[in-house]
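# Descriptive structure summary
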Amino acid sequence: MTEDRTPKGALDRVLTVEVMRVTERAAVSAARLRGRGDERAADQAAVDAMRRELNRLAIEGIVVIGEGERDEAPMLYIGEAVGAGGQRVDIALDPLEGTTLCAKDMPNSLATLALASGGALLNAPDVYMEKIAVGPGYPDGIVDLDMPADEAVRRLAKAKGVDVHEISACILDRPRHADIIAAVRSTGAAVRLIGDGDIAGVIHTTNPIETGVDIYMGTGGAPEGVLASAALRCIGGQMQGRLILKTDEHKARAERMGIIDFDRVYSHEEMAKGDVYFSATGVTDGNMLQGVRFYPDHITTETIVMRSSTGTVRTIKAKHTDFSKFILD
Ligand code: VTB
Ligand code: MG
Ligand code: MG
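Residues numbered from 1 in each chain as written. Chains lettered and ligands numbered in written order. Predicted model: local features only at pLDDT ≥ 70, side-chain atom pairs only at ≥ 80, totals over all residues. Heavy atoms only, no water.

## Overview of the overall build of the protein chain
- Secondary structure summary: the protein chain contains 11 helices and 14 strands in total.
- Compactness check: the protein chain gives a C-alpha radius of gyration of 19 Å against a globular reference of 20 Å for 329 residues, within 12% of the reference.
- In terms of overall dimensions, the protein chain has C-alpha extents of about 55 × 45 × 45 Å along its principal axes.
- The 329 residues of the protein chain split such that 54% are buried. (Helix = DSSP H or I, 4+ residues; strand = E, 2+ residues; numbered from the N terminus. Rg over C-alpha atoms; globule rule 2.2 N^0.38 Å. Buried < 20%, exposed > 50% of the residue type's maximum accessible area, 1.4 Å probe, protein only.)

## Quick notes on the pattern of salt bridges
- According to the stated counting rule, one finds 17 salt bridges in the structure shown.
- Two residues, R56 and E53, come together in a salt bridge whose shortest N-O distance is 2.7 Å.
- Under the relative-accessibility criterion, R56 is labelled partly exposed at 45%.
- Bridged by salt links that share partners, the residues E69, E249, R253 and R256 form one connected network. (Salt bridge = Lys/Arg side-chain N within 4 Å of Asp/Glu carboxyl O.)

## A short note on the coordination of the magnesium ion (ligand 3)
- Ligation of the magnesium ion (ligand 3) by protein atoms is provided by D94 (OD), E97 (OE) and E224 (OE), these donors lying 2.1 to 2.3 Å from the ion.
- All donors of the magnesium ion (ligand 3) come from a single chain, and their spacing in sequence reads D-x2-E-x126-E. (Donors = N, O, S within 2.8 Å, 3.2 Å for Na, K, Ca; no water.)

## Concerning the site of ligand 1
- The immediate surroundings of ligand 1 are formed by E97, G98, Y128, L172, R174, R176, D196, G197, D198, G220, G221 and E224.
- Here an oxygen atom of ligand 1 and a side-chain polar atom of R176 are 2.7 Å apart.
- One nitrogen or oxygen atom from the main chain of G197 is found 2.9 Å from an oxygen atom belonging to ligand 1.
- Within the complex, 76% of the 410 Å² of free accessible area of ligand 1 lies under protein. (Near = heavy atom within 4 Å. Polar contact = N/O pair within 3.5 Å; in protein donor to acceptor, adjacent residues only side chain to side chain. Areas by Shrake-Rupley, 256 points an atom, 1.4 Å probe, with all protein chains shown as cover.)

## A closer look at the environment of A272
- Position of A272 among the secondary structure elements: in the loop between α10 (268–271) and β11 (276–282).
- Placed 107 residues apart in sequence, A272 and H165 show a C-alpha to C-alpha distance of 33 Å.
- Apart from residues lying up to four places away in sequence, A272 is in contact with A120, L121, S229, A230 and R233. (Contact = heavy atoms within 4.5 Å.)

## Some thoughts on the sheet that holds strand β6 (residues 168–172)
- Spatially, six strands are ordered β7-β6-β8-β5-β9-β10 in an open sheet, and the strand pairing comes out mixed. If you trace the sheet from one side to the other, it starts and ends with β7 (190–194) and β10 (266–267), each paired once.
- Note that strand β5 (residues 128–134) and strand β9 (residues 238–243) share six bridges and pair antiparallel. Residue pairing in the sheet places V134 in a bridge with Q238 of β9.
- In the packing of helix α4 (residues 149–160) onto the sheet, contacts are made with β5, β6 and β8 (215–221), and the angle to β8 comes to roughly 145 degrees.
- Each of β6, β7 and β8 touches helix α5 (residues 178–186); the most contacted strand, β7, lies at about 150 degrees to it. (Pairing = 2+ DSSP bridges. Axes fitted to C-alpha atoms, helices over the stretch in contact; angles between N-to-C directions.)

## Brief notes about empty space enclosed by the protein
- Overall, the coordinates contain one cavity of 30 Å³ or more when judged by the stated rule.
- By volume, the largest cavity is sized at about 100 Å³.
- In terms of lining residues, the largest cavity is bounded by 14 residues, among which L110, A200, H204, M288 and L289 are the most central.
- For the lining of the largest cavity, the secondary structure elements donating two or more residues are α6 (198–204) and β11.
- Top contributing element to the lining of the largest cavity by residue count: α6, with three residues.
- Grouping the amino acids of the lining of the largest cavity by side-chain chemistry returns seven nonpolar, seven polar and no charged. (1 Å grid on protein atoms, 1.4 Å probe; cavity = no way out; pocket = protein on both sides within 12 Å on 5 of 7 lines; lining within 4 Å. Points joined across faces, edges and corners; volume = space filled by probe spheres on them. Nonpolar A, V, L, I, M, F, W, Y, C, P; charged D, E, K, R; others polar.)

## Regarding the nonpolar core
- Among the nonpolar cores identified, the biggest contains 44 residues, and L121, A124, V202, Y216, M239, L243 and F278 are the most heavily contacted of them.
- Once residues lying within four places of it in the same chain are set aside, the contact partners of Y216 are K131, I132, A133, C170, L172, I194, D198, G201, V202 and T205. (Core = buried A, V, L, I, M, F, W, Y, C linked by side-chain atoms within 4.5 Å.)

## Remarks on the layout of surface pockets
- In this model, the largest pocket occupies a volume close to 730 Å³.
- Looking at the lining of the largest pocket, the elements with two or more residues in it are α2 (39–54), β3 (87–97), α3 (99–103), β8 and α8 (222–235).
- Grouping the amino acids of the lining of the largest pocket by side-chain chemistry returns nine nonpolar, eight polar and 12 charged.

## Quick look at the confidence of the model for the protein chain
- In the predicted model, the protein chain carries a mean pLDDT of 94, and the fraction of residues at 70 or more is 95%.
- As scored by the predictor, the complex reaches a pTM of 0.95 and an ipTM of 0.94. (pLDDT = per-residue confidence, 0-100.)

Here you go:
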């Protein structure tokens, strides 16, 4: 028998494989609807597949970051119990992150899931979150949310030992980001604008040579912020997030989830604590993951699956010959 080096208090390591299966299934179902211009259908397909797979796992899971609150999301809503029974875990999911990317067959849409011990993931409402993230290897606090964007890229360049022209910042292409885009460009650094998909944007900072992205900045979804934090906990890097709670309704939702300090800056370690698993399967082709491929007699998927307690990061290319299952069940 091989020795299981699972640290005390950590989750069962068998779950590494299990979480991967869940995102693989969701990705295949969404990928069938790539490029059809129907975001809702692709999202629904991913949600159905993910829920079905989650309910087969030997876990007693609660969705803490999901498709929305119960009245607006019939499936995988926040608070939904999933699993066939077993270890008690919290789950954060975005079955199809980048629905528009998938509907338009553009790069970097993913099926994503994070799993952690009960109480370990920030219960964030589905509001916006300001984010800043960099990959591993920088001193703690090298950048933060309150720093002007131009200062952040300059500091990063200095720490990396390169000219600021060699830095690239990934930012969601939205009018609300006009100022930070201008600030970054004023330094001579490059801006990679993305249409959607900021979980991928954050993960890309962990491998700047492959992806061409050194830093992620800007405002995106809070659920995506928690999922990206789970990934960084495993792979290394730093992130900060601050919920944008301007309206009374948003504040009330945050309060119901136990948030009392509305202006709090969370580190990625505060958004995803303890032993965390993260899995993402490519739906469309991307910088780090290939999308689902349909061959006449099999399907391939590519998944990055990782675990924080051991820091193992696996990229798994799977060939699924039992493909009838993907269609029938
Ligand atoms: C981001 C991105 C998502 O929403 O969180 C973004 O990661 C933010 O919201 O893929 P807006 O689109 O309203 O700007 C998505 O683009 C879609 O969920
Ligand atoms: Mg979604
Ligand atoms: Mg999303």
